[in-house]
Amino acid sequence: MANKKKVVSKVLFLIVVLTLISFCFLGSTFARYVSDGNGTATLGVAKWDVSHGEDAITVDFDKLSPSMLEYTGGDSYAEGNKRTNSTDKVLVATISNKGEVNALVTLSVGDTPTVNKAEGADTTYEDAEIAALFTVTLYTGTTNAAGSAMKYEDAVEVVAGSGVLYVFADVTWTSDDETVFGDAADERDTWVGENVTSIAYTISYTAAQNTEKP
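Residues numbered from 1 in each chain as written. Predicted model: local features only at pLDDT ≥ 70, side-chain atom pairs only at ≥ 80, totals over all residues. Heavy atoms only, no water.

Trainee: Looking at this model, I keep getting lost on the pattern of salt bridges. Mind explaining?
Mentor: Charged atoms that come close allow side chains of opposite charge to pair. Under the defined criterion, the tally for this structure stands at six salt bridges. Lys82 is paired through a salt bridge with Glu79; the nearest N and O atoms lie 2.8 Å apart. The partly exposed category is assigned to Glu79, whose relative accessible area is 47%. Of the charged contacts, one joins Arg83 and Asp176 as a salt bridge, the two residues approaching to 2.8 Å between their closest N and O atoms. One end of the pair, Arg83, is in the loop between β1 (50-51) and β2 (84-86); the other, Asp176, is in the loop between β9 (163-174) and α3 (183-195), with 93 residues separating them in the sequence. Each of the salt bridges in this network shares a partner with another, and the network as a whole consists of Arg83, Asp176 and Asp186. (Salt bridge = Lys/Arg side-chain N within 4 Å of Asp/Glu carboxyl O. Buried < 20%, exposed > 50% of the residue type's maximum accessible area, 1.4 Å probe, protein only. Helix = DSSP H or I, 4+ residues; strand = E, 2+ residues; numbered from the N terminus.)

Below, the structure written as structure tokens:
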């Protein structure tokens, strides 16, 4: 009888163990729903489209002569009495921003202009001295009206989508400097008129992204 009870006890114990083991399998396999899937995430790139619409910036100013005034500083140089003559403002470039972020436009004029001389011109004056007589001033505006353009001082923001920056320039001929003024400057101006055909400048711009979000 005792042996029979032991056998029954062992059988019951085995049933309990198997039941516990089955709970473990059921718990790990069927305790929750699980689904898998995949998809795609697409990033759009903000458009960058800033240009001046031409292959090269080429500007022709009207011919310029020196001031017709007499020097009033006597035998000494006087800053306030130096003579100048300037061209009218000329449209240099129309810079358009058709992109999706704002652009910050920086303008510059090359430091070394090209002095073009007539055939047979003499060498009384160096090119660097002649080039120093002429200065280019840039102006910017939101319309093509030169009269309303403001002198360029710092980078200008051009808004995305439809922003347009109009760039103008004028050139000034200054006759007098600290070492050559009065009659001597008149002689130099005359030499320029007889020997120089044109002064060529490089005008350029750089556009940089100025907003992050389109």
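Now that the structure has been shown, we can carry on.
Trainee: Help me out: how do you make sense of the packing of aromatic side chains in this one?
Mentor: Each aromatic ring pair is described using two quantities: the centre-to-centre distance and the angle formed by the ring planes. Applying the stated criterion across every chain, the model contains four aromatic pairs. Ring centres of Tyr77 and Phe181 lie 6.0 Å apart, and the angle between their planes is 50°; this geometry places the pair in the tilted category. Taken as a pair, Tyr77 in the loop between β1 and β2 and Phe181 in the loop between β9 and α3 lie far apart in primary sequence, 104 residues in all. By relative accessible area, Tyr77 is classed as partly exposed at 22%. Where Phe134 meets Trp173, the ring centres are 4.9 Å apart and the plane angle is 50°; that geometry is what we call tilted. In this pair, Phe134 sits in strand β6 (residues 134-141) while Trp173 sits in strand β9, placing the two residues 39 residues apart along the sequence. Given the relative accessible area of 10%, Phe134 is considered buried. These aromatic residues form a ring-pair network of at least three members: Tyr71, Tyr77 and Phe181. (Phe/Tyr/Trp six-rings, centres within 6.5 Å; stacked < 30°, edge-to-face > 60°.)

That is the geometry; function is a separate question.
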